[in-house]
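One letter stands for each residue in the lines below.
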Amino acid sequence: YTGILNLGNSCYMNSVMQTIFTIPDFQMKYVEGARHFFETCNSDPTEDFNVQMAKFGRGLHSGQYSKPPPQDDTIKVPEGIRPEMFKTLVGKGHPEFSTKRQQDVQEYLLHLIGIIERNSRNSSNPTVSIKFEVEERIQCLTSNKVKYTHRGDFILPMPIPMEAAVNKDEVAAYEKMKKEKEEKSETVDPK
């Protein structure tokens, strides 16, 4: 029953947060280590990223928001986690994530990872548990010489050709509607 309230097109944030808090390294740092962040916060807690992450993680794992719906209307049950301070802090100064517009979940994840890494200096960094190394191989067709490069990444793109799509009719209808709305300068809901 644990849920995160939609603060206005915030499903991209909600899905990322629910996913990362299933990863043990994030749970260890922000849920099990929450007390440390709460007790050592020397500044405004609304501006302390680690405090806000700990609050979010504790909310998801505490059970406080995991109560079944009441059988009658006499008992008020929390409706879910309302992460307004977290959303504001993470979006602060960012041209897209500081708005209430729909956003790309991959871009948000990478933005959040950057913030976590900055706030994990001199302490454990849970993002290392989701980072992997990519090896790229480039071969010259003339000389047959090969060059290998390595880089760390968090996202593995997996392009799917349209020929393989099983919902071609829905995709075509969406593309048509999108084109019509864009011609009228209307916003397109990506759902």
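Structure: above.
Fair warning: this is a prediction, and the values are worked out from it, not measured in the lab.

Turning to the layout of surface pockets, a few remarks are in order. As a volume, the largest pocket reaches approximately 240 Å³. At the level of elements, helix H4 (49-61) and helix H5 (84-91) are the ones that each hand at least two residues to the lining of the largest pocket. Of the residues forming the lining of the largest pocket, the biggest block, five residues, is contributed by H4. Looking at the lining of the largest pocket, its residues break down into six nonpolar, three polar and four charged.

Our focus in this paragraph is the side chain of Lys29. When you line up the elements, Lys29 lands in helix H2 (residues 24-32). Among the polar contacts made by the side chain of Lys29, one reaches the main-chain carbonyl oxygen of Ser124 at a distance of 2.5 Å. With near-sequence residues (within four places) excluded, Lys29 lies in contact with Ala34, Phe37, Asn50, Asn119, Ser120, Ser123, Ser124 and Pro126.

Once that is clear, we can look at the pairing of strand S2 (residues 146-153). Where strand S1 (residues 132-139) meets S2, eight bridges bridge the pair, whose relative direction is antiparallel. Bridge pairing in S2 places Phe132 opposite Asp153.

Evaluation of the coordinates by the stated rule reveals five salt bridges. Of the charged contacts in the structure, one is a salt bridge between Glu47 and Lys92, with a shortest N-O distance of 2.8 Å. Of this pair, Glu47 sits in the loop between helix H3 (34-40) and H4 while Lys92 sits in the loop between H5 and helix H6 (105-118); the two residues are 45 residues apart in sequence, bridging distant segments of the chain. Take Glu47: its relative accessible area is 41%, and that puts it in the partly exposed class. Of the residues examined, Lys92 reaches a relative accessible area of 54% and is grouped as exposed. The partner of Glu136 in a salt bridge is Arg151, and the shortest N-O contact between them spans 3.5 Å. Of this pair, Glu136 sits in strand S1 while Arg151 sits in strand S2, and the two are 15 residues apart along the sequence.

The rules behind the values
Residues numbered from 1 in each chain as written. Predicted model: local features only at pLDDT ≥ 70, side-chain atom pairs only at ≥ 80, totals over all residues. Heavy atoms only, no water. 1 Å grid on protein atoms, 1.4 Å probe; cavity = no way out; pocket = protein on both sides within 12 Å on 5 of 7 lines; lining within 4 Å. Points joined across faces, edges and corners; volume = space filled by probe spheres on them. Helix = DSSP H or I, 4+ residues; strand = E, 2+ residues; numbered from the N terminus. Nonpolar A, V, L, I, M, F, W, Y, C, P; charged D, E, K, R; others polar. Polar contact = N/O pair within 3.5 Å; in protein donor to acceptor, adjacent residues only side chain to side chain. Contact = heavy atoms within 4.5 Å. Pairing = 2+ DSSP bridges. Salt bridge = Lys/Arg side-chain N within 4 Å of Asp/Glu carboxyl O. Buried < 20%, exposed > 50% of the residue type's maximum accessible area, 1.4 Å probe, protein only.

Nothing here speaks to function; it is all geometry.
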